[in-house]
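# Breakdown of the fold
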Amino acid sequence: MARPGWDEYFMTLAVIASSRATCNRAHIGAVLVKDNRVLTTGYNGSPAGQCHCTEVGCLQDEPGGPCRRTIHAEANAVAWAARHGIAVQGCTLYISHYTPCLACSYLLAQVGCREIVYRTLYHDERSLQALSDAGIVLRQFEGELVDPADVLAWQPTDGRVPDAG
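How each quantity is defined
Residues numbered from 1 in each chain as written. Predicted model: local features only at pLDDT ≥ 70, side-chain atom pairs only at ≥ 80, totals over all residues. Heavy atoms only, no water. Phe/Tyr/Trp six-rings, centres within 6.5 Å; stacked < 30°, edge-to-face > 60°. Helix = DSSP H or I, 4+ residues; strand = E, 2+ residues; numbered from the N terminus. Buried < 20%, exposed > 50% of the residue type's maximum accessible area, 1.4 Å probe, protein only. Pairing = 2+ DSSP bridges. Right-handed = clockwise from strand over helix to strand, strands pointing away. Axes fitted to C-alpha atoms, helices over the stretch in contact; angles between N-to-C directions. Parallel < 35°, antiparallel > 145°, perpendicular 65-115°, else oblique. Contact = heavy atoms within 4.5 Å. Nonpolar A, V, L, I, M, F, W, Y, C, P; charged D, E, K, R; others polar. Polar contact = N/O pair within 3.5 Å; in protein donor to acceptor, adjacent residues only side chain to side chain. Disulfide = S-S within 2.5 Å.

Attention now moves to the packing of aromatic side chains. For the structure shown, the criterion picks out five aromatic pairs. Taken together, a centroid distance of 6.1 Å and an interplanar angle of 70 degrees make the contact between Trp6 and Tyr9 edge-to-face. Of this pair, Trp6 and Tyr9 both sit in helix 1 (residues 6-18), three residues apart, which is roughly one turn of the helix. Relative accessible area serves as the criterion here: at 37%, Tyr9 is assigned to the partly exposed category. Measuring from centroid to centroid gives 5.5 Å for Trp6 and Phe10, while their planes differ by 15 degrees, and the two rings are stacked. Of this pair, Trp6 and Phe10 both sit in helix 1, four residues apart, which is roughly one turn of the helix. According to the relative accessible area criterion, Trp6 is partly exposed, its value standing at 41%. Put simply, the rings of Trp6, Tyr9, Phe10 and Tyr94 pair up and form one aromatic cluster.

As a further point, take the pairing of strand 5 (residues 137-140). Residues in a regular strand point their side chains to alternate faces of the sheet. Inspection of the sheet shows strand 4 (residues 115-118) paired to strand 5 by four bridges, in the parallel sense. Residue pairing in the sheet places Ile116 in a bridge with Leu138 of strand 5. Between the parallel pair strand 4 and strand 5, the chain is carried across by helix 5 (residues 125-133), and the sense of this crossover is right-handed.

Take the packing of helix 4 (residues 102-111) against helix 5 next. Look at helix 4 against helix 5: their axes get within 8 Å of each other, and the N-to-C directions meet at 5 degrees. As far as their axial angle goes, helix 5 and helix 4 are roughly parallel. Contacts from Leu102, Ser105 and Tyr106 in helix 4 reach Arg126, Ser127, Ala130 and Leu131 in helix 5. Looking at the contact of helix 4 with helix 5 residue by residue, the classes come out as four nonpolar, two polar and one charged.

Of note, Asn44 is situated in the loop between strand 2 (37-43) and helix 2 (53-56). There is a polar contact of 2.9 Å between the side chain of Asn44 and the backbone nitrogen of Ile28. Residues contacting Asn44, with those up to four places away along its chain left out, are Ala21, Thr22, Cys23, Ala26, His27, Ile28, Thr70, Ile71, His72, Ala73 and Asn76.

Once that is clear, we can look at the sheet that holds strand 3 (residues 92-95). Read across the sheet, five strands follow the order 2-1-3-4-5 without closing on themselves; strand pairing throughout is mixed. Each edge of the open sheet is held by one strand with a lone partner, namely strand 2 and strand 5. The sheet shows a mean angle of 20 degrees between the axes of neighbouring strands, direction not considered. Note that strand 3 and strand 4 share three bridges and pair parallel. Across the sheet, Tyr94 pairs through a bridge with Val117, a residue of strand 4.

Right, let's talk about unusual backbone geometry for a bit. Not every positive phi belongs to a glycine, and Asp35 is a case in point at roughly 50 degrees. Along the polypeptide, Asp35 turns up in the loop between strand 1 (29-34) and strand 2. Within the chain, Asn36 stands out as a residue other than glycine whose phi angle is a positive 55 degrees. Note that Asn36 resides in the loop between strand 1 and strand 2.

As enumerated under the stated definition, the model contains zero disulfides in all. The cysteine Cys23 is free of any disulfide, with Cys58 supplying the nearest cysteine sulfur at 3.7 Å. Cys23 sits in the buried class, given a relative accessible area of 3%. The structure places no disulfide on Cys67, whose sulfur is separated from the nearest cysteine sulfur, that of Cys53, by 3.5 Å. For Cys67, a relative accessible area of 10% puts it in the buried group.

Encoded structure:
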């Protein structure tokens, strides 16, 4: 197994974070990174202490509309950083799926995010313009996700430490 590059590593972490999402509409994960170190992770779900969409359904103004109960993954990652005094200015956001919505684009501009690595372009011209106006670089992920099964297969299962040679 080849050692993954930074993009593969961080995007895989974002996809794994998406597995914790609690909104029925989408499972999105986010990782904020600076100097090749994870600052925070986030996933879309209800505010702390509130019912999850998986328990009571999505809160929508109209059928098929956005969920009003859910805090987006990138906003949750920023909120966690703020709650714990972690400076994110100059960070890179890895997002497991779509480029941010308009509100999250404004939030990321406000905290000084410098780059967003995404897997799928969400065609919202307003959010894309807001990111461009803020000087935030958008870059589509072009690598391969790390397969955890490959990593586990590389590890011995009998409790011994592998030889370095």
